[in-house]
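# Residue-level structural notes
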Amino acid sequence: AQSVTQLGSHVSVSEGALVLLRCNYSSSVPPYLFWYVQYPNQGLQLLLKYTTGATLVKGINGFEAEFKKSETSFHLTKPSAHMSDAAEYFCAVSGSTGNQFYFGTGTSLTVIP
Amino acid sequence: GAGVSQSPSNKVTEKGKDVELRCDPISGHTALYWYRQSLGQGLEFLIYFQGNSAPDKSGLPSDRFSAERTGGSVSTLTIQRTQQEDSAVYLCASSYGGQGAVDGYTFGSGTRLTVV
């Protein structure tokens, strides 16, 4: 079975500061891991994903995440926050059947000017 | 179409009424997924279609929920005898082939259902 835990339902950072959103997963098979972003009144947009290969993956809008198997983590980072980064962020792990995501409960990011 | 289209974007219904939510996936995407997003919670998987068949409907919460897909394209999620706990945003997503959970889905903007 797969599951995802996102630590911190709300994170606030100052504009220009480091963004760190935490995600830990549980999976009985090699995981595929994803981060999605949801802006108000919109659907989810894929930020980045890890399937195989390089453990540090880069996504859109300057975000990146590192897969750490030993820590079962896939934390999302961005060196310098922009006001436009304010949104809800979801971490997800794919299911063993390959057709279903298990999502975390989301982290709401606020950027303070 | 260029993206996943869902209609209506907002729906307010009275308790006990039936509702139909529509999803029009990206042209050529054979896989289609329905998720439910309740306030303060993550996304809950409802059902997965490959073509017109639903190999995984394990997430449907009760027999009041049903979904169909015709012509390998448009899907309709029907909720009968709606209850207040059905209030949520219903998200549809599609992917090419059955590898959505590898390649990632494309999500629609969702239908916000409010049961009063």
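The residue count restarts for each chain, going from 1 along the sequence in the order it is written. Lettering of chains starts at A and numbering of ligands starts at 1, both following the order in which they are written. Only residues with pLDDT of at least 70 get local features here, since the model is predicted, and only at 80 or more are side-chain atom pairs given and counted; chain-wide, interface and lining totals rely on the full set of residues. Values shown for side chains rest on all heavy atoms present in the structure; no hydrogens or waters enter the calculation.

Residues and elements named next belong to chain A. We define a salt bridge as a contact between a side-chain nitrogen of Lys or Arg and a carboxyl oxygen of Asp or Glu at a distance within 4 Å. In total, this model carries five salt bridges over all chains according to the counting rule given. We note a salt bridge from Lys58 to Glu64, for which the minimum N-O separation is 2.7 Å. Between Lys78 and Asp85 there is a salt bridge, with its nearest N and O atoms 2.9 Å apart. Like Asp85, Lys78 is buried. The buried label applies to any residue whose accessible area, calculated with a 1.4 Å probe on protein chains only, is under 20% of its type's maximum; exposed applies above 50%, and partly exposed to all values in between.

A helix here means a DSSP run of H or I that spans at least four residues, while a strand means a run of E at least two residues long, and both kinds are numbered starting from the N terminus. Its location among the elements puts Arg64 of chain B in the loop between β6 (53–56) and β7 (65–69). Those residues in contact with Arg64 of chain B that lie beyond four places of it in its chain are Thr78, Ile79, Gln80, Arg81, Thr82, Gln83 and Asp86 of chain B. Residues count as neighbours in contact if any of their non-hydrogen atoms are within 4.5 Å of one another.

The next point concerns the side chain of Thr82 of chain B. All names here are of chain B. Assignment of secondary structure puts Thr82 in the loop between β8 (75–79) and β9 (88–95). The exposure class of Thr82 is buried, given its relative accessible area of 0%. Identification of polar contacts relies on pairs of N or O atoms within 3.5 Å, with a donor-acceptor requirement for protein atoms, meaning one able to donate a hydrogen and the other able to accept it, and with residues adjacent in sequence counted only if both atoms are side-chain atoms. Of note is the side chain of Thr82, whose polar atom sits 3.3 Å from the backbone oxygen of Glu14. Ignoring sequence-local partners within four residues, the contact set of Thr82 consists of Thr13, Glu14, Lys15, Gly16, Lys17, Val19, Arg64 and Val115.

The subject of this paragraph is the interface of chain B and chain A. Facing the 22 residues of chain B at the interface are 20 residues of chain A. The term buried area refers to how much accessible surface (probe radius 1.4 Å) is lost by two components on association, counted for both of them together. Buried surface at the junction of chain B and chain A, summed over both partners, amounts to about 1600 Å²; 54% is from carbon and sulfur atoms. Along the contact surface separating chain B from chain A lie four residue pairs in polar contact (both at pLDDT 80 or more). Counting only elements with at least two residues in the side of chain B that touches chain A, the list comes to β4 (31–37), β5 (43–50) and α1 (100–103) of chain B.

This next bit is on the nonpolar core. Note on terminology: a nonpolar core comprises buried Ala, Val, Leu, Ile, Met, Phe, Trp, Tyr and Cys residues joined through side-chain atoms within 4.5 Å. In this structure, Trp35, Leu48, Phe74, Leu76 and Tyr89 of chain A are the most contacted members of the largest nonpolar core, which totals 27 residues. Those elements that provide at least two residues to this core are β2 (10–14), β3 (19–21), β5 (33–38), β6 (44–50), β8 (64–68), β9 (73–78), β10 (87–94) and β12 (107–112) of chain A. For this core, the leading source of residues is β10 of chain A, giving four residues. Residues Val19, Phe65, Leu77 and Ala88 of chain B belong to the second largest nonpolar core, which totals 19 residues.

Attention now goes to the packing of aromatic side chains. Stacked, edge-to-face and tilted are the three classes for Phe, Tyr and Trp ring pairs, Trp counted by its six-membered ring, which pair at centre distances within 6.5 Å; planes under 30 degrees apart are stacked, over 60 edge-to-face, the rest tilted. Per the counting criterion, the structure on display carries 19 aromatic pairs over all chains. Measuring from ring centre to ring centre gives 5.5 Å for Tyr36 of chain A and Phe107 of chain B, while their planes differ by 85°; the resulting arrangement is edge-to-face. Here the residue Tyr36 of chain A occupies a position in strand β5, and Phe107 of chain B occupies one in strand β10 (residues 106–107), the pair thus bridging two chains. Three or more aromatic residues link up through ring pairs in this structure, and these residues are Phe34, Tyr36, Phe90, Phe101 and Phe103 of chain A together with Tyr33, Tyr35, Phe45, Tyr48, Tyr105 and Phe107 of chain B.

With that out of the way, let us pick up the sheet that holds β7 of chain B. Residue and element names in this part refer to chain B. Strand order in the open sheet made by the four strands is β1-β3-β8-β7, with antiparallel pairing throughout. Unpaired on one side and paired on the other, β1 (5–7) and β7 mark the two borders of the sheet. Each strand of the sheet is rotated relative to its neighbour by a mean of 15°, with strand direction disregarded. Pairing between strands is defined by DSSP: at least two bridges between them are needed. Every axis in this analysis is a line fitted to C-alpha atoms, fitted for helices over the stretch in contact. Angles between the N-to-C directions lie between 0 and 180 degrees.

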